[in-house]
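Chain by chain, the residues:
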Amino acid sequence: EQEGAEATVLFIHWGDEYQIKENHYQNEIAQKVCDMGVDVIVGGHAHVVQPVELLQSSTDPEHKTVCIYSVGNAVSNQRIHEMKLKTGHTEDGILFNFTIAKYSDGNVSVQAVDVIPTWVHMVGVKESYTILPLDDSTREQWMEKYEIDETTFGYCEASYDRTMAIVGSGLEAANQYYAQIQAETEARLGVA
């Protein structure tokens, strides 16, 4: 921020592979990064999705950081039947979206976070890989949109459920906080 950044995002390679929960070191590093004033932390490396968490700075009571510990896999051949981890988590990924707003008083803050779970769909002898975005609002259209059968649709639903079980509560907590901050800021500024 001293160099002129109005918001900061850290993308970091960390964590234990195939663990759907962050480790102690990820927690320590995330807290130190939060204390430094970073607004968003996006992690990768674990090959599985890990939780979303809203961190409170221990040095600035006004600052919080949203962290997704791992966004999982994008394109990978780590299929459930080829892995020691037989849960399907290595077929899952996530698109992590966040909105940063700048208000008329110059205040800049994260306004909202959102996710779109993804599933790696492998098709055919030549192993063509397609990343299917599993937007729940279009669930009724997944079969037609992605040209998949009912069995594959079931894999998509299972992937969506696995991912949301990991990130859902942290995502909800973060958005409740950001909605409160947004409402307070807009009330203070008289924004309708």
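Note that the structure is predicted; figures quoted are calculated from it, not measured.

(A) Examining the nonpolar core more closely. Counting residues in each nonpolar core, the largest one holds 18 residues, and the members touching the most others are V66, I68, I94, F96, V113, V167 and Y178. When contributions to this core are tallied by element, the ones reaching two or more residues are β2 (40-44), β3 (49-56), β4 (64-71), β5 (92-102), β6 (108-123) and α3 (150-189). It is α3 that provides the largest number of residues to this core, a total of six residues. Contacts of I94, omitting those with residues within four sequence positions, involve V49, I68, V71, V115, I116, P117, T118, T163 and V167. With ten residues, the next largest nonpolar core counts W14, C34, L55 and Y69 among its residues.

(B) Summary view of the packing of aromatic side chains. Scanning the model with the defined rule gives six aromatic pairs in all. Aromatic side chains W142 and Y160 sit 6.4 Å apart centroid to centroid with 55 degrees between the ring planes, which places their arrangement in the tilted category. Of the two residues, W142 sits in helix α2 (residues 142-146) while Y160 sits in helix α3, which places them 18 residues apart along the sequence. Judged by its relative accessible area of 13%, Y160 falls in the buried class. Directly above the ring of Y177 sits K64, whose terminal nitrogen or CZ lies 4.5 Å from the centroid.

(C) The sheet that holds β6, seen in detail. On the basis of which strands lie adjacent, the open sheet formed by three strands has the order β5-β6-β7 and antiparallel pairing. Bordering the open sheet on either side are β5 and β7 (128-133), each of which pairs with just one other strand. Taken over all neighbouring pairs, the strand axes of this sheet differ in orientation by 30 degrees on average, direction set aside. Inspection of the sheet shows β6 paired to β7 by six bridges, in the antiparallel sense. The partner of M122 across the bridge, within β7, is Y129.

What counts as what
- Residues numbered from 1 in each chain as written.
- Predicted model: local features only at pLDDT ≥ 70, side-chain atom pairs only at ≥ 80, totals over all residues.
- Heavy atoms only, no water.
- Core = buried A, V, L, I, M, F, W, Y, C linked by side-chain atoms within 4.5 Å.
- Buried < 20%, exposed > 50% of the residue type's maximum accessible area, 1.4 Å probe, protein only.
- Helix = DSSP H or I, 4+ residues; strand = E, 2+ residues; numbered from the N terminus.
- Contact = heavy atoms within 4.5 Å.
- Phe/Tyr/Trp six-rings, centres within 6.5 Å; stacked < 30°, edge-to-face > 60°.
- Lys NZ or Arg CZ within 6 Å of the ring centre and 35° of its normal.
- Pairing = 2+ DSSP bridges.
- Axes fitted to C-alpha atoms, helices over the stretch in contact; angles between N-to-C directions.

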